[in-house]
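Now for the letters of each chain:
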Number of protein chains: 2
Amino acid sequence: MHPNDPRLNSFIPVERDSHFPIQNLPFGMFTTPANYAPRAGVAIGSQILDLAVLEQAKLLEVVPGERVFNRATLNAFIERGPELWSRARAAISDLLRHDNPRLRDDAALRARAFVPAIAARMLMPISVPGYTDFYSSKEHATNVGSMFRDAKHALLPNWLHLPIAYNGRASSVVVSGTPVLRPNGQTRGSDQRAPVFGPSAKLDFELETAFIVGAGNELGEPVPIGRAASHVFGMVLMNDWSARDIQQWEYIPLGPFNSKSFATSISPWIVTMEALQPFRVAGPPQDPSPLSYLETSGAQAYDIRLEASLAPAGKPATTICRTNLRYLYWSIAQQLAHHTVSGCNLRVGDLMGSGTISGPTPDSLGSLLELTWNGSRPIKLDDGSERCFLEDDDEVIITGYAQAKDHRVGFGEVRGRVVAARAV
Amino acid sequence: MHPNDPRLNSFIPVERDSHFPIQNLPFGMFTTPANYAPRAGVAIGSQILDLAVLEQAKLLEVVPGERVFNRATLNAFIERGPELWSRARAAISDLLRHDNPRLRDDAALRARAFVPAIAARMLMPISVPGYTDFYSSKEHATNVGSMFRDAKHALLPNWLHLPIAYNGRASSVVVSGTPVLRPNGQTRGSDQRAPVFGPSAKLDFELETAFIVGAGNELGEPVPIGRAASHVFGMVLMNDWSARDIQQWEYIPLGPFNSKSFATSISPWIVTMEALQPFRVAGPPQDPSPLSYLETSGAQAYDIRLEASLAPAGKPATTICRTNLRYLYWSIAQQLAHHTVSGCNLRVGDLMGSGTISGPTPDSLGSLLELTWNGSRPIKLDDGSERCFLEDDDEVIITGYAQAKDHRVGFGEVRGRVVAARAV
């Protein structure tokens, strides 16, 4: 059976609403108090299957005679290419099946190969040589345009013709759970003549997904859109933390810089594109038709339900946004084809953010900027407090999954708590 | 004597107008037909001193018991920090002195340790984890603002308050001599309703220098401006190739992307900040005074003469721009302090471009965009031909040096020839 087959079951118990059934098998990097060595794992139910242990036991061999899962990141595995991703996933799926005794009935090996997720610390899954952030939600671009520029011409003339993007700062991409220091920076309010320096007063989250490049291309050799899919390994959730007041002052004419470079958080589990195939759906209609190098056919979007919630210190979280990746106007294939059409080379591990994913309804907006209309309409949290932007000690949790009839293929979550700015 | 002492002489002959006297000693990576292994070298006159040979011969030991000059890039050396950069440079200077017989009189060792520069192929000197490009020339920002926006308000309100920058694409930074493929992309002329796809018709160069981060900082720990200098290893020349027509269509609101991501060329020799110390001069006066985190005193600029020339295929080069790094409004220390003030972490090998360095006179403009005023005033070349933007097979050569009384501390050159676009 194909690893995506809904009839598959694992001998590891998996709750019906778990993000990690045997049909998912996302890859991540982890460490445990008992074994500090970073190693690759696959999430299954509430357990992590230690792939380094499987390799050592000769139950998993991606590359003959070579180990790839006992490294510091997944890059060594990912760079082997799509055929080996698929083969490894099939082998892992096979080992986890309820009717395969090989691992199931080897108590000693099971004791070494499984770690309760709760006992592990998740690490950055990849080394990120390049980080690009797109701006592919029409609703988000329209909302931001309305607020920062001109409501009548909110969507700029180029937006419907190309997937707008900018280069982000790769060094500050961090894994879920890493505290996020409120940045200091320059801001100038509309009533101020000169800028001031201090902690951002408009710290925001951005609900995004991001795809991870699994196969690069040489400088000068664009990836045609028909082959773009084979260059993508998988996807994560992403929170593109943004300091709106710093951004508004600095971003003209060269784009956001210090307003975004202080942290970008990603979820620790990379869900493979293979696991997401059953959830492909048609994306929004594109009008005008894109230029031929961006032309695609078939289902190019993914039906992935996404949520953001906000938890003040010591308080329960309030869900503040429910959206869906299917709203994204520009597809992953279009993003990748556009990124390389100039000849730009991509590398294994490159992280490509979707841009904030906002939907058409007021509760589907993927940032506080939009939810509170730049602070003018505070949102109410379940504990009775209100928010325009993030306060110190607030935690933002983004989660997402694709729903099949009897299981979910999920991403887990990306979370981060805001820490007070450094004294200046 | 200090390695910068003007009285020093080497036993290797150095012409008076050479860029590489014993007072310079820039670091680079090279390979030769006789030995394909990449290794580090120092330029001296028309020779390269092979540092890997010196290490092997135990004449140079940066780190006791460890070799750092036989790697693929200089990062392993650079990451050792300022004290070791300085100690290595002093040891190399000492070995090259006319009055030190140790290397001078060992004919066998000399035969192995020196390679004529003409026989070597220079490689990328560093691995570049992050590439940032500033926009720190007031003249350039004013010119671009006049053309692309509004001549009356050419300089945007933020420009005098912070060193504007954007994240560039690190993967496509290439070493001098790498051919530059004319990019294809989307453009829309002012008379066109819809964009078209094809080769850029406004391919341009940008004359820049760039500094290389030699010591990083942790995420969340800004580098105070007073300590910024100790984080910088050295400088190179840079050509930030730009497709102006693609840029003008794509850059609002998130900045340049495909218009710059196809190639950025750097010179192969990294001139250390130590070698440039004698050429420090006062920079332009800053009015208004910068915020305190950007406040500096003393000579923060560098008197480095810069030139760009253009050579059509098979024709001699015409010098089209003469400018000077001292015109740069924002200093390197200010750039680095601003980059990290949000908490953004820098890493060893990060490349930080100055932005196009234009001066106050018509012949000191660092791009064709400015020299031809966006193609409206063609420039004349020595062969009688004219240029608005670059044509296929044109070669651009950027060179630069600091002039002392009896020697020059130079960068050599960065060159690149334009290759016709891929058929679409």
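The rules behind these values
Residues numbered from 1 in each chain as written. Chains lettered and ligands numbered in written order. Predicted model: local features only at pLDDT ≥ 70, side-chain atom pairs only at ≥ 80, totals over all residues. Heavy atoms only, no water. Helix = DSSP H or I, 4+ residues; strand = E, 2+ residues; numbered from the N terminus. Rg over C-alpha atoms; globule rule 2.2 N^0.38 Å. Buried < 20%, exposed > 50% of the residue type's maximum accessible area, 1.4 Å probe, protein only. Areas by Shrake-Rupley, 256 points an atom, 1.4 Å probe, with all protein chains shown as cover. Lys, Arg positive; Asp, Glu negative; His and termini not counted. Charge placed at Lys NZ, Arg CZ, Asp CG, Glu CD. Least-squares fit on C-alpha atoms with pLDDT ≥ 70 in both. Contact = heavy atoms within 4.5 Å. Phe/Tyr/Trp six-rings, centres within 6.5 Å; stacked < 30°, edge-to-face > 60°. Pairing = 2+ DSSP bridges. Axes fitted to C-alpha atoms, helices over the stretch in contact; angles between N-to-C directions. Buried area = accessible area lost by both parts, 1.4 Å probe. Salt bridge = Lys/Arg side-chain N within 4 Å of Asp/Glu carboxyl O. Nonpolar A, V, L, I, M, F, W, Y, C, P; charged D, E, K, R; others polar. Disulfide = S-S within 2.5 Å. Domains from an automatic or database assignment. Core = buried A, V, L, I, M, F, W, Y, C linked by side-chain atoms within 4.5 Å. pLDDT = per-residue confidence, 0-100. Polar contact = N/O pair within 3.5 Å; in protein donor to acceptor, adjacent residues only side chain to side chain.

Engineer: So what exactly am I meant to see when it comes to the overall build of chain A here?
Structural biologist: For chain A, the helix and strand inventory stands at 10 helices and 26 strands. In terms of overall size, chain A behaves like a compact globule, its C-alpha atoms giving a radius of gyration of 22 Å where 424 residues would be expected to give roughly 22 Å. Viewed in the frame of its principal axes, chain A has a C-alpha envelope of about 70 × 50 × 40 Å. Counting across all 424 residues of chain A, residues that qualify as buried make up 61%. Of the accessible surface of chain A, which amounts to about 15700 Å², a share of 51% is contributed by carbon and sulfur atoms. Once the 40 positive and 43 negative side-chain charges of chain A are each reduced to a mean point, those two points are 2 Å apart.

Engineer: How should I be thinking about the relation of the copies chain B and chain A in this particular structure?
Structural biologist: What relates the two chain copies is a rotation about an axis together with a slide along it. The operation relating chain B to chain A is a screw motion whose rotation component is 180°, with 0.0 Å of axial translation and a residual RMSD of 0.0 Å. Taken together, these values place the two copies in the relation of a two-fold axis. Looking at the rotation axis and the C-alpha trace of chain B, the residue lying nearest is Gly255 of chain B, at 2.2 Å. Interface residue correspondence from chain B to chain A reaches 100%, placing this contact among same-surface, isologous pairings.

Engineer: Quick question: what am I supposed to make of the packing of aromatic side chains here?
Structural biologist: Think of a pair of aromatic rings as described by two things: how far the centres are apart, and how the planes are tilted against each other in angle. Within the structure shown, the criterion is met by 26 aromatic pairs over all chains. Note on Phe11 of chain A and Phe114 of chain A: the rings are 6.1 Å apart at their centroids and 85° apart in plane angle, and the pair reads as edge-to-face. With a gap of 103 residues between them, Phe11 of chain A in the segment before strand E1 (27-32) and Phe114 of chain A in strand E4 (residues 114-116) connect regions that are remote in the sequence. Classification of Phe114 of chain A by relative accessible area gives buried; the value is 9%. On the basis of an interplanar angle of 90° and a centroid distance of 6.0 Å, the ring pair of Phe77 of chain B and Phe233 of chain B is categorised as edge-to-face. You can see Phe77 of chain B sitting in helix H2 (residues 75-78) and its partner Phe233 of chain B sitting in strand E14 (residues 232-239), a full 156 residues away along the chain. A relative accessible area of 1% places Phe233 of chain B in the buried class.

Engineer: Just checking my understanding: could you explain the side chain of Gln247 of chain B for this structure?
Structural biologist: Relative to the helices and strands, Gln247 of chain B is located in helix H7 (residues 244-250). Apart from the residues within four sequence positions on either side, Gln247 of chain B is in contact with Ser242, Pro256, Ser259 and Lys260 of chain B.

Engineer: Please clarify how the sheet that holds strand E5 (residues 121-123) of chain B should be interpreted in this entry.
Structural biologist: Backbone-to-backbone hydrogen bonds pair the strands of a sheet. The strands run either parallel or antiparallel. Residue and element names in this part refer to chain B. Here we have 5 strands laid out as an open sheet, ordered E4-E3-E2-E1-E5, and antiparallel in their pairing. Two strands close off the open sheet at either side, each with one partner strand: strand E4 (114-116) and E5. Between one strand and the next, the sheet's axes are offset by a mean angle of 45°, whatever the strand orientation. The pairing of strand E1 (residues 27-32) with E5 spans 3 bridges and is classified as antiparallel.

Engineer: It is not clear to me how the sheet that holds strand E5 (residues 121-123) of chain A should be interpreted in this structure. Could you clarify?
Structural biologist: All names here are of chain A. Taken in spatial order, the 5 strands make up an open sheet running E4-E3-E2-E1-E5, and their pairing is antiparallel. Of all strands in the sheet, those with a lone pairing partner are E4 and E5, marking the two edges. Shown here is a sheet whose adjacent strand axes are inclined to one another by a mean of 45°, direction ignored.

Engineer: Quick question: what am I supposed to make of the interface of chain B and chain A here?
Structural biologist: Across the boundary between the two partners, chain B contributes 59 residues, which contact 59 residues of chain A. Of the roughly 5300 Å² buried at the junction of chain B and chain A (both faces included), carbon and sulfur atoms supply 60%. The largest contributions to the chain B side of the interface with chain A come from Arg169, Leu254 and Phe257 of chain B, which together make up 15% of the buried area. Counting every contact that joins chain B to chain A gives 2 salt bridges. Linking Arg169 of chain B and Asp350 of chain A is a salt bridge whose minimum nitrogen-to-oxygen distance equals 2.6 Å. Looking at the side of chain B that touches chain A, the element that brings in the most residues is strand E7 (residues 165-167) of chain B, giving 3 residues. Its residues assigned to classes, the side of chain B that touches chain A comprises 33 nonpolar, 18 polar and 8 charged.

Engineer: What is the right way to read the state of the cysteines from this model?
Structural biologist: Here a disulfide denotes one covalent bond, and it connects the sulfur atoms of two cysteines. Residues and elements named next belong to chain A. This structure, assessed with the given rule, holds 0 disulfides over all chains. No disulfide involves Cys388; its sulfur sits 17 Å from that of Cys321, the nearest cysteine. A relative accessible area of 27% places Cys388 in the partly exposed class.

Engineer: Teacher, can you tell me more about the domain arrangement of chain A here?
Structural biologist: The figure often quoted for interface size is the accessible area lost as the parts come together. Residues and elements named next belong to chain A. For chain A, the domain assignment lists domain 1 (27-123) and domain 2 (131-419). A C-alpha centroid distance of 30 Å is found between domain 1 and domain 2. The partner domain 2 presents 16 residues to the 17 residues of domain 1 that form the contact. Buried area between domain 1 and domain 2, summed over both chains or domains, comes out near 1300 Å², and the portion from carbon and sulfur atoms is 68%. Between the two partners, domain 1 and domain 2, sit 1 salt bridge.

Engineer: Explanation requested: the pattern of salt bridges in the structure shown.
Structural biologist: Working definition: two side chains of opposite charge can pair if their charged atoms are close together. All told, the structure shown has 52 salt bridges over all chains when counted by the stated rule. Residue Arg87 of chain A is joined to Glu83 of chain A by a salt bridge in which the shortest nitrogen-to-oxygen separation is 3.0 Å. Of this pair, Arg87 of chain A and Glu83 of chain A both sit in helix H3 (residues 82-96), 4 residues apart, roughly one helical turn. Owing to a relative accessible area of 58%, Glu83 of chain A belongs among the exposed residues under this scheme. A salt bridge links Arg39 of chain B to Asp50 of chain B; the nearest nitrogen and oxygen atoms lie 2.7 Å apart. With a gap of 11 residues between them, Arg39 of chain B in strand E2 (residues 35-44) and Asp50 of chain B in strand E3 (residues 47-50) connect regions that are remote in the sequence.

Engineer: In this structure, what is going on with the nonpolar core? I would like to understand it.
Structural biologist: What tends to happen in soluble globular proteins is that the nonpolar side chains get buried as a cluster. Core analysis: the biggest nonpolar cluster contains 66 residues, and Leu51, Phe77, Leu96 and Leu351 of chain B have the highest contact counts within it. No other element matches helix H3 (residues 82-96) of chain B, which puts 6 residues into this core. Here this core gathers at least three residues from each of two domains, domain 1 (27-123) and domain 2 (131-419) of chain B. Setting aside its immediate chain neighbours within four residues, Leu351 of chain B contacts Val128, Gly130, Tyr131, Thr132, Val173, Ala210, Phe211, Ile212, Val236, Met238 and Ile266 of chain B. In terms of nonpolar packing, the next biggest core, distinct from the first, is built from 65 residues, Ala141, Met147, Trp159 and Val173 of chain A among them.

Engineer: Could you clarify how one ought to interpret unusual backbone geometry in this entry?
Structural biologist: Note: most peptide bonds trans; most residues except glycine with negative phi. Across the junction of Ile252 of chain B and Pro253 of chain B, the peptide omega takes the value 10°, indicating a cis bond. Its location among the elements puts Pro253 of chain B in the loop between H7 and strand E16 (264-266). Following Asp287 of chain B, the chain continues to Pro288 of chain B via a peptide bond in cis, the omega torsion being 10°. Looking at the element boundaries, Pro288 of chain B is found in the loop between strand E18 (280-281) and strand E19 (301-302). You will see that Lys58 of chain A, though not glycine, has its phi angle at about 65°, which is positive.

Engineer: Before we go on, may I ask you to explain the confidence of the model for chain A in this structure?
Structural biologist: Parts of the model with low pLDDT should not have their predicted coordinates read in detail. Per-residue pLDDT for chain A has a mean of 97; in total, 100% of the residues score no lower than 70. Taken element by element, chain A is modelled with least confidence in helix H6 (residues 138-148) of chain A, mean pLDDT 92, and with most confidence in strand E16 (residues 264-266) of chain A, mean pLDDT 99.

Engineer: Would you mind showing me how to read the environment of Arg39 of chain A here?
Structural biologist: All names here are of chain A. Given a relative accessible area of 5%, Arg39 falls into the buried group. Between the alpha carbons of Arg39 and Phe20 there is a distance of 19 Å; along the sequence they are 19 residues apart. Not counting the four nearest positions on each side in its chain, Arg39 is found in contact with Gly28, Met29, Phe30, Thr31, Thr32, Asp50, Ala52, Phe69, Arg71 and Val115. A polar atom in the side chain of Arg39 sits 2.8 Å from the backbone oxygen of Asn35. Of note is the side chain of Arg39, whose polar atom sits 2.7 Å from the side chain of Asp50.

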